[in-house]
Amino acid sequence: LLYNPVTKKKEEPAPPPTAEFICNVSWPAKNDADVDTWAVRVDNPDSVTGFTRRENDVFILHNDNTSRSYGAIEGVELIQARETMTIETIKSGEYMFSLHGYRIPPDVEPVLVTIELQKSRPFKHIFTKTVKVAHDQEVPVCSFYIDDDGNIKNLELDEELLEGFLNALKFQCL
């Protein structure tokens, strides 16, 4: 028998990039509401990311959910409408997340929306928060600082403190 030795190591495909942080936003799909997720890296005001600009700076909005005919998986209707935004790379600085009630039907207003932020590597649950969102209302969710090592510092969840900061930044949904 002749043996043909391998002259080159098998090429392994590079793993796909993994988001550093994942922000999941959800609300009852039965409400037929459209709640939009917005984010900004404060050091770069041009980094405002949301449904009108889905990829920007460090953010990607993976799903802009309008809740109309939200869908089903294997014939089972989904009970939660969901938007997912990720921070793809670590850039130190201050970050802010906000929600906007783009379309909230009057009969279900306000909608209870749950926001969950997680760090991917290593996995760490950062926070879960539930807020009420009314039609055309901007609701600040959180502000935090990411250091050079990807650690979250100075997490702020108080809506009243964030309101003034959002207004000073003129962070608005377009």
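Residues numbered from 1 in each chain as written. Predicted model: local features only at pLDDT ≥ 70, side-chain atom pairs only at ≥ 80, totals over all residues. Heavy atoms only, no water.

Draft legend 1. A look at unusual backbone geometry. Pro-110 follows Glu-109 through a cis peptide bond whose omega is -10°. Within the secondary structure, Pro-110 is located in the loop between strand E9 (93-103) and strand E10 (111-119). Of the consecutive residues Arg-121 and Pro-122, the connecting peptide bond is found in the cis state with omega at -15°. A positive phi angle, near 50°, is found at Asp-32, a position not held by glycine. Of note, Asn-154 is a non-glycine position whose phi angle comes to about 55°, a positive value. (Helix = DSSP H or I, 4+ residues; strand = E, 2+ residues; numbered from the N terminus.)

Draft legend 2. Molecular detail of the packing of aromatic side chains. What the rule picks out here adds up to six aromatic pairs. Measuring from centroid to centroid gives 5.4 Å for Phe-51 and Tyr-102, while their planes differ by 65°, and the two rings are edge-to-face. Note that Phe-51 is positioned in the loop between strand E3 (44-49) and strand E4 (55-56) and Tyr-102 in strand E9, a separation of 51 residues in sequence. Overall, the relative accessible area of 25% leaves Phe-51 in the partly exposed class. Exposure remark for Tyr-102: the relative accessible area of 43% places this residue in the partly exposed category. The structure contains a cluster of three or more aromatic residues connected by ring pairs, namely Phe-59, Tyr-95, Phe-97 and Phe-144. (Phe/Tyr/Trp six-rings, centres within 6.5 Å; stacked < 30°, edge-to-face > 60°. Buried < 20%, exposed > 50% of the residue type's maximum accessible area, 1.4 Å probe, protein only.)

Draft legend 3. Fine view of the sheet that holds strand E1 (residues 21-28). Across the sheet, six strands lie side by side as E4-E5-E8-E1-E10-E11; this open sheet has antiparallel pairing. Looking along the sheet, the strands with just one partner apiece sit at the ends: E4 and strand E11 (124-133). In terms of strand pairing, strand E5 (residues 59-63) meets strand E8 (residues 80-87) through four bridges, oriented antiparallel. Note on E8: the bridge partner recorded for Leu-61 is Met-85. (Pairing = 2+ DSSP bridges.)

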